[in-house]
Amino acid sequence: ENALVVLRRNGSAQAAAVFHFADAQATLPLSLPGGPWEKVLDSSDARWGGPGGGAPELPDTATDIALPMHPKSFILLVNREKGTR
């Protein structure tokens, strides 16, 4: 799928960066550790000059998720322990 997922941890805080390098839109399967994940940045959002992000703000990670990605874009998700925001 021409994608790269980088998962980083610092104590209980976690971040996942998903990079999509292909020239066509794709839906990428993604498996993340449990907990409440939140999208904090989508390079496809209109505020960054993109066509508008399609990924959910709060992906349901109880099961593997299907993350819609625009061509040549990235998404940053964070999972913080309750109260560390």
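**Some thoughts on the packing of aromatic side chains**
One pass over the structure, following the stated rule, counts two aromatic pairs. For the pair Phe 19 and Phe 21, a centre-to-centre distance of 6.4 Å together with 10° between the ring planes defines the contact as stacked. A network of ring pairs unites the aromatic residues Phe 19, Phe 21 and Phe 74 as a single cluster.

**Some details on the sheet that holds strand β4 (residues 38-42)**
Ordered in space as β1-β2-β6-β4, the four strands form an open sheet in which the pairing is antiparallel. If you trace the sheet from one side to the other, it starts and ends with β1 (3-10) and β4, each paired once. Going from strand to strand, the sheet's axes swing by 20° on average, the running direction of each strand aside. Across eight bridges, β1 lies against strand β2 (residues 13-20) in antiparallel orientation. Looking across to β2, one finds that Val 5 is bridged to Val 18.

**Quick notes on the side chain of Asp 42**
Note on placement: Asp 42 falls in strand β4. Its relative accessible area of 2% is what places Asp 42 among the buried residues. Among the polar contacts made by the side chain of Asp 42, one reaches the main-chain amide nitrogen of Ser 44 at a distance of 2.9 Å. Apart from the residues lying within four places of it in its own chain, the contact partners of Asp 42 are Trp 48, Gly 53, Gly 54, Ala 55, Phe 74 and Ile 75.

**A few points about the environment of Trp 37**
Relative to the helices and strands, Trp 37 resides in the loop between β3 (26-30) and β4. Taking C-alpha positions, Trp 37 is 8.8 Å from Ala 15, a pair spaced 22 residues apart along the chain. Engagement of the side chain of Trp 37 in a polar contact is seen with the backbone oxygen of Pro 33, the distance being 2.7 Å.

**Considerations on unusual backbone geometry**
When glycine is set aside, most residues are seen to have a negative phi, and most peptide bonds are trans. Within the chain, Lys 72 stands out as a residue other than glycine whose phi angle is a positive 45°. Looking at the element boundaries, Lys 72 is found in the loop between β5 (65-69) and β6 (73-79).

Definitions and limits used
- Residues numbered from 1 in each chain as written.
- Predicted model: local features only at pLDDT ≥ 70, side-chain atom pairs only at ≥ 80, totals over all residues.
- Heavy atoms only, no water.
- Phe/Tyr/Trp six-rings, centres within 6.5 Å; stacked < 30°, edge-to-face > 60°.
- Pairing = 2+ DSSP bridges.
- Helix = DSSP H or I, 4+ residues; strand = E, 2+ residues; numbered from the N terminus.
- Axes fitted to C-alpha atoms, helices over the stretch in contact; angles between N-to-C directions.
- Buried < 20%, exposed > 50% of the residue type's maximum accessible area, 1.4 Å probe, protein only.
- Polar contact = N/O pair within 3.5 Å; in protein donor to acceptor, adjacent residues only side chain to side chain.
- Contact = heavy atoms within 4.5 Å.

Everything listed here is a matter of coordinates, which is why it stays silent on function.
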